[in-house]
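# What the coordinates show
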Amino acid sequence: MYRALWACLFLALAPWVAGAEPALKIGLIAPFSGSFANYGKEIEAGMKAYVKLNGDKVAGRKVQIIVRDTTGPLPDVAKRLAQELVVREKVDFLAGFCLTPEALAVADIATQAKKLMVVMNAATSIITTRSPYIVRVSMTLPQNTVPLATWASKNGIKQVFTLVSDYGPGIDAETAFKNAFTPAGGTIVDSVRVPLNNPEFAPFLQRIKDGRPEAVFVFLPAGEQGIAFMKGFHERGLGQVGIKVIATGDITDDLVLDAMGENALGMITSFHYSTAHDSPENKTFLKAFEEVKGGLGRANFMAVAGYDGMAAIYEVAKKLGGKIDGDKAVEALKGWKRQSPRGPIEIDPATRDVVQTVYLRRVEKRDGRYVNVEFDQVPNVKDPGK
Ligand code: PHB
């Protein structure tokens, strides 16, 4: 009995006794296969870019990223993976979380296990309210939408049709757009919500065309959906009858922009990151990203969130001298500031959500590539959705 106890104690302490501190374990939960596979890949590459530049040891502990594929959107799988990472792998941090339903499903695990949960994409406003252990380094949909609604009303757009993906971030975007655009004198002609998985755009595009708005406001999750939407938009002649597309930058995500090609030219979007952002921090990031990305295409906003999320984890490890405690980790990040590749960011101590500059951008072709060129900005935008 005593011998067994001693053996357990020895095994638990062995790495410390031997002088080698145990690895700093980060459980990365995201889709790495299925229609959202690129989300996980971009985030992981962004995290690796940070490690490449800052070394794989922090506060004396070797950094280990343990990758788990949700194949999602599958909230139940995300929850099970989080449980396993906490119980079996004894991770110090939970990270990733690209899709809102998956982030929401893991919030309770973070609370029970008292683990810092770094949200690197999922962007529905309420997410950070679901656990005091959540810190978000990515964005929220209202944060990116309100500056666009304001821009539209100031630039003579009076009638807008809205089309969003029918789940958390889409509903947030639709609500934020209406709430900002209508009091400024604009009218919402009609609103439609399309399924999250494999939406068929044709009937919706016809409705938009028949409604003859001046513009359609769109939120679609980054990736293939935007390509299909813009293809249909042009094939059905919506551009020819003078309808403009205005959207959050998810749709002209840098990773898919070249595939969208001519169809994207001239689109106006609002977003917190563009690969074309001109700053030394962005150049450093993009160079490191190229070195670690493997077969992946261009860096996008998810990669930047992975990069900044890793910076947050290093900050915590340093502040706590390598002894990770969930409560202290959250405290360490309240009010944390950083010069990110996207511009200055800060964690709002009251909401644990990111505060950042939102840029207005236009798609242009430069040196044979399509890019989101920033032409205006709104600094220090807090999530207006709370
Ligand atoms: C989300 O599920 O919260 C989400 C996914 C993709 C995006 C934005 C938000 O582009």
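One structure accompanies this document, and this report is about it. Quantities reported herein were computed from a predicted structural model and do not represent experimental measurements. (Residues numbered from 1 in each chain as written. Predicted model: local features only at pLDDT ≥ 70, side-chain atom pairs only at ≥ 80, totals over all residues. Heavy atoms only, no water.)

## So, the sheet that holds strand β5 (residues 116-119)
Read across the sheet, 6 strands follow the order β2-β3-β1-β4-β5-β6 without closing on themselves; strand pairing throughout is mixed. Every interior strand has two partners, whereas the edge strands, β2 (57-58) and β6 (134-136), have only one. The sheet contact formed by strand β4 (residues 93-96) and β5 spans 4 bridges and is parallel. Bridging from a neighbouring strand, G96 pairs with V119 of β5. (Pairing = 2+ DSSP bridges. Helix = DSSP H or I, 4+ residues; strand = E, 2+ residues; numbered from the N terminus.)

## Focus on the environment of F201
In this fold, F201 is placed in the loop between β8 (187-194) and α7 (202-211). F201 sits 31 residues away from G232 along the chain, and the two C-alpha atoms are 7.2 Å apart. Setting aside residues no more than four positions away along its own chain, F201 makes contact with V194, L220, Q225, A228 and F229. (Contact = heavy atoms within 4.5 Å.)

## Observations concerning the site of the ligand
Taken together, the neighbourhood of the ligand is formed by 15 residues, with T100, A123, Y167, A222 and D250 sitting nearest. In the environment of the ligand, an oxygen atom lies 2.6 Å from a nitrogen or oxygen atom belonging to the side chain of D250. In isolation the ligand offers 280 Å² of accessible surface; the protein chains occlude 100% of this area. Per-class residue counts for the shell around the ligand are 12 nonpolar, 2 polar and 1 charged. (Near = heavy atom within 4 Å. Polar contact = N/O pair within 3.5 Å; in protein donor to acceptor, adjacent residues only side chain to side chain. Areas by Shrake-Rupley, 256 points an atom, 1.4 Å probe, with all protein chains shown as cover. Nonpolar A, V, L, I, M, F, W, Y, C, P; charged D, E, K, R; others polar.)

## Description of the packing of aromatic side chains
The relative placement of two aromatic rings is captured by the distance of their centres and the angle of their planes. Within the structure shown, the criterion is met by 12 aromatic pairs. Through a chain of ring-to-ring contacts, the aromatic side chains of Y50, Y273, F285, F289, Y307 and Y314 assemble into a single cluster. Directly above the ring of F375 sits R362, whose terminal nitrogen or CZ lies 4.5 Å from the centroid. (Phe/Tyr/Trp six-rings, centres within 6.5 Å; stacked < 30°, edge-to-face > 60°. Lys NZ or Arg CZ within 6 Å of the ring centre and 35° of its normal.)

## Digging into the nonpolar core
Core analysis: the largest hydrophobic core is formed by 97 residues, its most contacted members being L94, L116, M117 and I246. Broken down by element, the residue count for this core peaks at 13 residues, all from helix α11 (residues 301-319). Not counting chain neighbours up to four residues away, the residues in contact with M117 comprise L94, F97, A103, V106, A107, A110, Y133, I134 and V135. Formed by 27 residues, the second largest nonpolar core is a distinct cluster that contains V216, I251, M260 and V363. (Core = buried A, V, L, I, M, F, W, Y, C linked by side-chain atoms within 4.5 Å. Buried < 20%, exposed > 50% of the residue type's maximum accessible area, 1.4 Å probe, protein only.)

## Side note on the side chain of T145
Summarising the element assignment, T145 is placed in helix α5 (residues 141-154). With residues near it in sequence (within four places) discarded, T145 still touches A173, A176, F177, F217 and T248.

## Side note on unusual backbone geometry
Looking along the chain, the bond that leaves G72 and enters P73 is cis, with omega of 25°. Mapped onto the secondary structure, P73 falls in the loop between β3 (61-69) and α3 (75-87). Unusually for a residue other than glycine, N198 sits at a positive phi of about 45°. Locating N198 in the fold gives a position in the loop between β8 and α7.

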